[in-house]
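Structural characterization, general
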Amino acid sequence: MWRSTAVTLMLAALVTFSGFLLPAAAQMPSQQSASRTAGPEALEVRRAADLYREGRLDEALRRLRGFVIRNPHSPWREQAHLYLARIFHDRDACDEALLYLDRLGQESKADIAELVRGSCLVRAGRYSQALEHLLPLRESDLDDSDRALLLGRIGQARAALGQPLQALVSFNRAAELDQHPERWLDKAHRTLRGADNPVLEEASFMLRGSAVGQDADLQLAQRAADANQNDRGLSLLARIMADPTPFPYRDQARSLLARIEGSSTVPSNALGVVLPLSGRYESFGELVRRGMDLALELHHQGGDSSPRLIYRDSGVDAARASDAVATLAGVEGVMAVAGPLTGEASR
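Reading the values: the criteria
- Residues numbered from 1 in each chain as written.
- Predicted model: local features only at pLDDT ≥ 70, side-chain atom pairs only at ≥ 80, totals over all residues.
- Heavy atoms only, no water.
- Helix = DSSP H or I, 4+ residues; strand = E, 2+ residues; numbered from the N terminus.
- Buried < 20%, exposed > 50% of the residue type's maximum accessible area, 1.4 Å probe, protein only.
- Pairing = 2+ DSSP bridges.
- Axes fitted to C-alpha atoms, helices over the stretch in contact; angles between N-to-C directions.
- Lys, Arg positive; Asp, Glu negative; His and termini not counted.
- Salt bridge = Lys/Arg side-chain N within 4 Å of Asp/Glu carboxyl O.
- Polar contact = N/O pair within 3.5 Å; in protein donor to acceptor, adjacent residues only side chain to side chain.
- Contact = heavy atoms within 4.5 Å.
- Disulfide = S-S within 2.5 Å.
- Expected span 1.5 Å × (residues − 1).
- Parallel < 35°, antiparallel > 145°, perpendicular 65-115°, else oblique.
- Left-handed = near helix turned anticlockwise from the far one by under 90°.
- Nonpolar A, V, L, I, M, F, W, Y, C, P; charged D, E, K, R; others polar.
- Core = buried A, V, L, I, M, F, W, Y, C linked by side-chain atoms within 4.5 Å.

So, the environment of Met335
Relative to the helices and strands, Met335 resides in the loop between α16 (318-332) and β3 (336-338). As for Met335 and Leu271, which are separated by 64 residues in sequence, their C-alpha atoms are 5.8 Å apart.

Focus: the pairing of strand β1 (residues 270-275)
With 6 of 6 residues buried, β1 is to be regarded as a mostly interior element. Of the two faces of β1, the one lined by Ala270, Gly272 and Val274 and the one lined by Leu271, Val273 and Leu275 are each fully buried. One ladder, built from 6 bridges, connects β1 with strand β2 (residues 308-313); its direction is parallel. Paired with Gly272 across the two strands is Ile310, which belongs to β2. Note that β1 and β3 share 3 bridges and pair parallel. Within β3, the residue paired with Val273 across the bridge is Ala338.

As for the sheet that holds β2
The pairing of strands in a sheet happens through backbone hydrogen bonds and is either parallel or antiparallel. Sheet architecture is open: 3 strands sit in the order β2-β1-β3, paired in parallel fashion. Of all strands in the sheet, those bounded by a partner on one side alone are β2 and β3. Direction aside, the axes of adjacent strands within the sheet are offset by 30 degrees on average.

With respect to the side chain of Arg153
When you line up the elements, Arg153 lands in helix α8 (residues 144-160). For Arg153, which is buried and forms no salt bridge, the nearest opposite charge comes from Glu282, at a distance of 4.6 Å. A polar contact of 2.8 Å, which involves the side chain of Arg153, links it to the side chain of Ser119. Those residues in contact with Arg153 that sit more than four places away from it in its chain are Ser119, Val122, Arg123, Leu134, Arg183 and Trp184.

Let's talk about the state of the cysteines
For the coordinates displayed, the defined rule picks out 1 disulfide. Each sulfur in the disulfide pair Cys94 and Cys120 lies 2.4 Å from the other. Between Cys94 and Cys120, the disulfide has an S-S torsion of -80 degrees and is therefore left-handed. Of this pair, Cys94 sits in helix α5 (residues 94-102) while Cys120 is found in helix α6 (residues 111-123), placing the two residues 26 residues apart along the sequence. For the pair shown, Cys94 and Cys120 are each scored as buried.

So, helix α10 (residues 182-193)
If you check α10, its first and last C-alpha atoms are 16 Å apart, about what 12 residues at 1.5 Å a residue would give, namely 16 Å. Counting buried positions over the 12 residues of α10 gives 9, a clear majority of the element.

Observations regarding the packing of helix α2 (residues 40-53) against helix α3 (residues 57-70)
Taken N-terminus to C-terminus, the directions of α2 and α3 make an angle of 155 degrees; their axes are 8 Å apart at the nearest point. Here α2 is positioned roughly antiparallel relative to α3, judged by the angle of their axes. Both α2 and α3 take part in a crossing whose hand is left-handed. Of α3, the residues touching α2 (which contributes Glu41, Glu44, Val45, Arg47, Ala48, Leu51 and Tyr52) are Leu57, Glu59, Ala60, Arg63, Leu64, Phe67 and Arg70. Residues belonging to the contact of α2 with α3 are distributed by class as follows: 8 nonpolar, no polar and 6 charged.

Quick notes on the nonpolar core
In this structure, Leu101, Leu168, Leu218 and Leu237 are the most contacted members of the largest nonpolar core, which totals 76 residues. Residues in contact with Leu101, not counting those within four places in the same chain, are Leu82, Ala85, Ala113, Val116 and Arg117. Leu277, Val288, Met292 and Tyr311 belong to the second-largest nonpolar core, a separate cluster that totals 10 residues.

Notes on the pattern of salt bridges
Under the criterion given, the structure shown has 25 salt bridges. A salt bridge links Glu282 to Arg183, with the nearest nitrogen and oxygen atoms 3.0 Å apart. With Glu282 in helix α15 (residues 282-300) and Arg183 in helix α10, the pair connects residues that are 99 residues apart, well separated along the chain. Given a relative accessible area of 17%, Arg183 falls into the buried group. Note that Lys187 is salt-bridged to Glu282, the shortest N-O span being 3.9 Å. Here Glu282 lies in helix α15 and Lys187 lies in helix α10, a separation of 95 residues in the sequence. You'll find Lys187 and Glu282 in the same group, each marked buried. A single network of salt bridges, built from pairs that share partners, joins Glu54, Arg56, Glu59 and Arg63.

Laid out in structure tokens, this is it:
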């Protein structure tokens, strides 16, 4: 029954959101300039920009590509290239995004161009080079969505370069700004799991009252329980339970509390969902997650408050996906698991 419900929710999610990607809002340079008039070329680029913001990426892409071919000497050509770069970035096609950025003039230092370039460099694993582009943007006038992307990518680069505490601070701020903070909280979670105890203690102190701070407490509690330091574990878990801040790993904290106390408090209506919430299929995983959340919301409107969904990230790694399934089944106590969905992770 639970497996059937999970499959139904996933299918509903895919049908509901098929063909749509929800890109972050793009902050592009002003289209008004003393040297540019609002003629046909300006209006054409503006219309494509409106399509981009509406999430109609295919149509925006077609219009912009046509514009740069027809107007090789237009003063609006650079802006068209910026939008094209952002579209390909949002589609996780960074090679093409960088090609359009490389066509900009050397004098172009638009913040959005640097953000897209730095983000693509992080995805390519060129972390030090990425920070050269991203760090100067911290004082730039970006909207919340773009600033969340900036801080999240800085966090990823710092984590990869062995700077976990700085990474956690960046992930925490990104999660606070993003309308969908789960991807940054997941990256913080993985950073915390690999951190040593002094880093966890510092993160717990510095970020108290936040989801990342609670996660630091959870990791410390887990290690305390593994070392049979149950009083220490219970103290940390009590602090988590008393904090009203939304925390995606609260069920893990409840499970650990139940383990220490020798009782089971895991609800029996939980369904596990393993999706690629990071890596090359991150945008697809987020799409499915949003669809499942909407399908579950519609299901609840019928008066049935069950089931609940507990998400875990598979990335693109089979071992990580296996670990996620094992955690959902063994620690979270879910009734069924949907996923993984992609590549090696689904085998």
